[in-house]
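The residues making up each chain are set out below.
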Amino acid sequence: MQMIREITWPVWLLIISLFIILLTIIGIGAKTIKSSATSNKEESITVEVNSEQIEAGIRLQTETKEADTFTSFVTFPFTEIEKIDKTIKNWIDEQEDNFLKLVNDSDHQQKAHLNVQTNILKVTDHIFSIKMLVEHFIAKETVFVKAKTFMIDRENEKFIELSELFKEEALKEDFLYLLIKERLKEIDANFSESFQHEQMENLNWFIHNQQMSIYFNPGELGDHKEIIQVDIPLVDLHQYLDDTYKGSFITEKIADEIEKKKEASQKPRTLKEDGKYVALTFDDGPHKHVTPRILAALKEYDAKATFFMLARKVEYDPELALQVAYEGHEIANHTNTHVNLNAVKAKRIKNEVQDAQQRIEKAIGIKPTTFRPPYGEYNKTVVKYANESDQHVILWSVDTLDWKSRNAKSIYNIVKKQTKPGSIILFHDIHEPTADALPQILKYLSEEGYEFVTVSELLPLIEKQGAGAYFGN
Ligand code: ZN
């Protein structure tokens with residue numbers, strides 16, 4: 001995250017003037033077109049097309065204008081795709097018009113200057129980002145900056161839209177909006193507050209350097225005069241990318257990083273033998289409304305928890321399941337169909353214990369090592385199949401009965417009354433009252449000195465102390 005600094009105008013003006021003078025004197029630039037045009041006032045404008053250069057395979061042409069009241073220095077990109085070049089040219093023309101209007105309205109005490117700077121950032125052989133920066137220097141105190149970005153797919157001769165980049169469902173669920181809001185909060189809480197949902201429509205974004213960058217122009221997030229830049233690494237976005245462009249953006253390096261991040265997310269910390277720990281567990285999810293609320297509350301307290309997920313729900317919403325992992329929580333297995341394992345035959349048990357584990361792994365690349373039988377119903381066959389597949393069978397020691405009471409106060413009271421060091425507390429992240437109760441539960445437990453750990457982290461302690469509600473090896 002960074003701010004693009006304002007450039008004090010006299011330095012700029014000096015550099016650009018020198019450049020223009022230099023070009024004029026030694027006549028650099030293969031093609032120099034001189035023309036006179038009449039502007040809104042009877043002022044003559046000298047237009048020069050000077051240097052041309054190729055940046056990342058794109059032709060850049062700079063054009064300078066010199067008149068009595070202003071000078072301008074504009075770099076046009078040419079992709080050689082007609083409709084793209086036209087759109088960009090129209091946008092630049094619009095910036096010029098805006099500038100000239102302001103110049104006409106000004107007192108002309110000083111010569112004004114317009115600078116349109118263009119950067120081409122190559123992403124792949126046929127995808128690149130164009131970053132444009134507009135600067136005005138009109139009166140001494142008026143420095144105006146504005147950024148505009150375009151992402152271009154040269155192979156398909158089109159601009160890439162945000163809606164093509166991400167999965168439709170993911171965008172609908174606001175993941176990006178919330179992520180940007182969160183990043184803005186790290187810069188300034190007021191920016192985050194100001195960021196409105198409607199602004200997603202005209203987001204200034206581009207991808208480069210293994211990250212997505214978003215620009216907010218002055219005034220877009222309240223009262224700021226600088227461009228605000230938010231960067232989100234693709235590692236944090238990959239699960240939401242649509243297949244259309246995913247392959248282009250997820251390079252081998254990023255794929256490696258994703259793998260490392262996944263591994264790290266499931267690696268248990270070693271606990272102190274005399275620590276005061278509690279393991280919060282959430283069953284039956286992930287749920288698209290409740291799980292994010294639970295995650296937000298846990299984050300607030302830097303609390304790690306364990307999510308016993310149903311394989312079919314993980315397959316239905318792998319992005320959300322991955323988000324749970326990336327926030328440092330343990331992904332655990334809670335069967336595929338939530339059947340009572342005491343009521344079915346061995347073959348079905350194997351399916352619910354082992355196939356579910358494999359299906360979770362296939363969907364999100366994480367292989368659970370803890371298993372919780374639905375309703376706490378298990379038998380020797382369950383334990384056998386779990387052990388065979390390196391899964392510990394985990395029950396609980398505090399049942400919040402959230403599924404029954406659906407009442408935040410009641411859930412809180414049970415936790416308060418029954419929690420002891422080493423407790424495994426059972427919740428369900430599919431009921432809103434559970435999410436309602438969680439912040440006060442976390443507050444209470446942390447005030448009592450508890451640290452929040454995952455089941456896998458707690459296991460070695462439970463084994464040593466021979467206590468707790470768990471079975472298996
Ligand atoms: Zn359950």
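Everything numeric in this text was worked out from a predicted model, so none of it was measured.

### Description of the side chain of S389
Stage number 1. On the secondary structure map, S389 appears in the loop between helix 13 (380-388) and strand 17 (392-394).
Stage number 2. Within the structure, S389 has its side chain in polar contact with the side chain of Q391 (distance 2.9 Å).
Stage number 3. Discounting residues that sit within four places of it in the chain, S389 has contacts with V353, Q354 and Q357.

### Remarks on the coordination of the zinc ion
Stage number 1. Bound to the zinc ion are the protein donor atoms D284 (OD), H334 (NE2) and H338 (NE2), situated 2.1 Å from the metal.
Stage number 2. Read in sequence order, the donor residues coordinating the zinc ion give the pattern D-x49-H-x3-H.

### Considering unusual backbone geometry
Stage number 1. Cis geometry marks the peptide bond from G285 to P286; its omega dihedral reads 0°.
Stage number 2. Relative to the assigned elements, P286 resides in the loop between strand 13 (277-283) and helix 9 (290-300).
Stage number 3. With phi around 60°, N209 is a residue other than glycine that occupies positive phi space.
Stage number 4. Here N209 is to be found in the loop between strand 10 (204-208) and strand 11 (211-216).
Stage number 5. Taking the relative accessible area as the measure of exposure, N209 reaches 60% and is therefore exposed.

### Regarding helix 5 (residues 175-187)
Stage number 1. Here helix 5 is 13 residues long and its end C-alpha atoms lie 19 Å apart, about the 18 Å a rise of 1.5 Å per residue gives.
Stage number 2. Buried positions along helix 5 lie against helix 3 (162-165), helix 4 (168-172), helix 6 (189-194), strand 11 and strand 12 (227-233).

### Concerning the packing of aromatic side chains
Stage number 1. Here the structure, examined in full by the defined rule, presents 12 aromatic pairs.
Stage number 2. Measuring from ring centre to ring centre gives 5.8 Å for F70 and F99, while their planes differ by 80°; the resulting arrangement is edge-to-face. Of the two residues, F70 is situated in strand 5 (residues 70-78) and F99 in helix 2 (residues 82-105); the sequence distance between them amounts to 29 residues.
Stage number 3. Between Y177 and F195, the aromatic rings sit 5.0 Å apart at their centres with planes inclined by 40°, giving tilted as the arrangement. With Y177 in helix 5 and F195 in the loop between helix 6 and strand 10, this residue pair connects regions lying 18 residues apart in the sequence.
Stage number 4. A residue is classified by how much of its surface remains accessible, and F195, at 0% relative accessible area, is buried.
Stage number 5. An aromatic cluster is defined as three or more aromatic residues linked by ring pairs; in this entry it consists of W91, F150 and F159.
Stage number 6. Its end group placed over the ring of Y450, K276 keeps NZ or CZ at 4.7 Å from the ring centre.

### Some details on the pattern of salt bridges
Stage number 1. For the coordinates displayed, the defined rule picks out 24 salt bridges.
Stage number 2. One salt bridge connects R359 with E315, and the closest N-O pair in it is separated by 2.7 Å. Placement of R359 in helix 12 (residues 346-364) and of E315 in helix 10 (residues 311-316) is noted, with a sequence separation of 44 residues between them.
Stage number 3. Classification of E315 by relative accessible area gives partly exposed; the value is 34%.
Stage number 4. When salt bridges that share partners are traced, they join E52, R59 and E80 into one network.

### Re the nonpolar core
Stage number 1. With 84 residues, the main nonpolar core has L176 and L280 as its most contacted residues.
Stage number 2. When near neighbours in sequence (up to four residues on either side) are disregarded, L176 contacts L162, F166, L171, M200, L203, M212, I232 and L237.

### Concerning the pairing of strand 10
Stage number 1. Counting buried positions over the 5 residues of strand 10 gives 4, a clear majority of the element.
Stage number 2. Of the strand pairs in this sheet, strand 10 and strand 11 are connected by 5 bridges, and their pairing is antiparallel. Bridging from a neighbouring strand, I207 pairs with M212 of strand 11.
Stage number 3. As consecutive antiparallel partners, strand 10 and strand 11 are separated by 2 residues, and within that stretch N209 has a phi angle of approximately 60°, a positive value.

### Let's talk about the pairing of strand 7 (residues 127-137)
Stage number 1. A large share of strand 7 lies buried, amounting to 10 of its 11 residues.
Stage number 2. Across 10 bridges, the pairing between strand 6 (residues 112-122) and strand 7 is antiparallel. Bridge pairing links K122 to F128 in strand 7.
Stage number 3. The antiparallel pairing of strand 6 with strand 7 creates a hairpin that spans 4 residues between the two strands.
Stage number 4. Relative to strand 8 (residues 143-153), strand 7 runs antiparallel, the two sharing 11 bridges. Bridging across to strand 8, L133 finds its partner in A147.

### A few points about the environment of P421
Stage number 1. Note on placement: P421 falls in the loop between helix 15 (408-418) and strand 19 (423-428).
Stage number 2. The sequence separation of P421 and V278 amounts to 143 residues, and the corresponding C-alpha distance is 6.0 Å.
Stage number 3. Once residues within four sequence positions are removed from consideration, P421 is found in contact with K276, Y277 and Y450.

### Some thoughts on the environment of T124
Stage number 1. Assignment of secondary structure puts T124 in the loop between strand 6 and strand 7.
Stage number 2. Between the alpha carbons of T124 and A56 there is a distance of 10.0 Å; along the sequence they are 68 residues apart.

### Some details on the confidence of the model for the protein chain
Stage number 1. Of all residues in the protein chain, 89% attain a pLDDT of 70 or more, and the chain-wide mean is 88.
Stage number 2. Within the model, pLDDT remains below 50 along residues 20-41, and this stretch shows 29 contacts once partners closer than five positions in the same chain are excluded.

### Overview of the packing of helix 12 against helix 13
Stage number 1. Interhelical geometry of helix 12 versus helix 13 gives an angle of 40° and a closest axis separation of 9 Å. By the criterion of interaxial angle, the relationship of helix 12 to helix 13 is oblique. As helix 12 packs across helix 13, the resulting crossing turns out to be right-handed. Contacts between helix 12 and helix 13 involve A346, I349, K350, V353 and Q354 from the former and T381, V382, Y385, A386 and E388 from the latter.

Definitions and cut-offs
- Residues numbered from 1 in each chain as written.
- Predicted model: local features only at pLDDT ≥ 70, side-chain atom pairs only at ≥ 80, totals over all residues.
- Heavy atoms only, no water.
- Helix = DSSP H or I, 4+ residues; strand = E, 2+ residues; numbered from the N terminus.
- Polar contact = N/O pair within 3.5 Å; in protein donor to acceptor, adjacent residues only side chain to side chain.
- Contact = heavy atoms within 4.5 Å.
- Donors = N, O, S within 2.8 Å, 3.2 Å for Na, K, Ca; no water.
- Buried < 20%, exposed > 50% of the residue type's maximum accessible area, 1.4 Å probe, protein only.
- Expected span 1.5 Å × (residues − 1).
- Phe/Tyr/Trp six-rings, centres within 6.5 Å; stacked < 30°, edge-to-face > 60°.
- Lys NZ or Arg CZ within 6 Å of the ring centre and 35° of its normal.
- Salt bridge = Lys/Arg side-chain N within 4 Å of Asp/Glu carboxyl O.
- Core = buried A, V, L, I, M, F, W, Y, C linked by side-chain atoms within 4.5 Å.
- Pairing = 2+ DSSP bridges.
- pLDDT = per-residue confidence, 0-100.
- Axes fitted to C-alpha atoms, helices over the stretch in contact; angles between N-to-C directions.
- Parallel < 35°, antiparallel > 145°, perpendicular 65-115°, else oblique.
- Left-handed = near helix turned anticlockwise from the far one by under 90°.

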